[in-house]
Amino acid sequence: MKLNIATIYGSVRSDRQGIRAANFFIKKLTDRKIETKLIDPLKMELPLLDKMYKEYKSENAPPKMKAISNILTHADAFLIITGEYNHSIPPALKNILDHFQKEFFFKPSAIVSYSAGDYAGVRAAVHLRAILGELGTPSISSMFPIAQIQNNFDIEGNALDSFYDDRSKRFLDELIWYTEALKSARIKGVPY
Ligand SMILES: Cc1cc2nc3c(=O)[nH]c(=O)nc-3n(C[C@H](O)[C@H](O)[C@H](O)COP(=O)(O)O)c2cc1C
């Protein structure tokens, strides 16, 4: 089954480190012949939330929002890359998620968290899981926490320890299982 998994990353800092994890997973998805597009708030310059996308008539929606909505609509699942800011998710990530709604419904998601220290962003990951549930894109059981991201991945997204390559196999196998299962189920219809 041909699959499309959107990668969503939420830091706009000039010295951002999480792009290493985003690049790592884009390569892993591409290696598996899964289509993926990166939703990068730094490049897409989405303003802070005023109106949600659904509040615009489609001809009046800002082009940047329309472009992101298109990526989300065509995706069968979402891989969310979150850093940890004061024990929660970065504001740019929350801002992307808050703009959209039905684009997420009845599709699975998976959480990759990271931090500069040893806790690997897991406190943000737990918050993110609750947000994704509310958005209608429940996250898979496995998470992919990365400690000291700056020391474990290069900027192109290569893991400096093969441990991460090995661990990513089971994580992506699980996401793909749910992605195929829910894609098949959506073809038969959705409850609302
Ligand atoms: C505003 C802010 C708050 C942070 N809070 C935490 C934190 O609560 N826990 C943690 O482990 N690291 C924290 N950090 C350090 C981040 O883990 C580290 O800067 C990481 O690289 C941020 O992701 P980014 O580089 O992709 O923006 C914080 C960083 C910033 C900028």
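Residues numbered from 1 in each chain as written. Predicted model: local features only at pLDDT ≥ 70, side-chain atom pairs only at ≥ 80, totals over all residues.

A. Focus on the sheet that holds strand β3 (residues 77–82). The strand order across the open sheet formed by five strands is β2-β1-β3-β4-β5, and the pairing between neighbours is parallel. A single partner strand is all that each edge strand has here, and the edge strands are β2 (38–39) and β5 (139–146). Relative to the sheet, helix α1 (residues 19–31) contacts β1 (5–9), β2, β3, β4 (109–114) and β5, its axis offset from that of β1 by approximately 170°. Across the sheet, helix α5 (residues 122–135) is in contact with β3, β4 and β5; its angle to β4 comes to roughly 160°. (Pairing = 2+ DSSP bridges. Helix = DSSP H or I, 4+ residues; strand = E, 2+ residues; numbered from the N terminus. Contact = placed C-beta atoms within 7 Å. Axes fitted to C-alpha atoms, helices over the stretch in contact; angles between N-to-C directions.)

B. Layout of the pairing of β1. Among the five residues in β1, five count as buried, and that is most of the element. Here β1 shows two buried faces, one formed by I5, T7 and Y9 and the other by A6 and I8. The pairing of β1 with β3 spans five bridges and is parallel. The residue bridging Y9 from the neighbouring strand is I81, located in β3. Once you follow β1 into α1 and on to β2, the crossover reads as right-handed. (Buried ≥ 20, exposed ≤ 12 C-beta atoms within 10 Å, placed from the backbone. Right-handed = clockwise from strand over helix to strand, strands pointing away.)

C. Spotlight on the nonpolar core. Ranked by size, the top nonpolar core spans 47 residues in total, and within it A21 and V112 carry the most contacts. Tallying contributions element by element places α1 first for this core, with seven residues. For V112, the contacting residues outside a window of four places in its chain are A21, F25, L79, I80, I81 and F144. (Core = buried A, V, L, I, M, F, W, Y, C linked by C-beta atoms within 7 Å.)

D. Inspection of the pairing of β3 at higher detail. Here β3 lies mainly inside the structure; six of its six residues are buried. Alternating positions in β3 separate into two faces, A77, L79 and I81 on one and F78, I80 and T82 on the other, with burial throughout. Examined bridge by bridge, β3 and β4 share five bridges and lie parallel to one another. Across the sheet, the residue bridging to I81 is V112, located in β4. Handedness of the crossover joining β3 and β4 through helix α4 (residues 91–99) is recorded here as right-handed.

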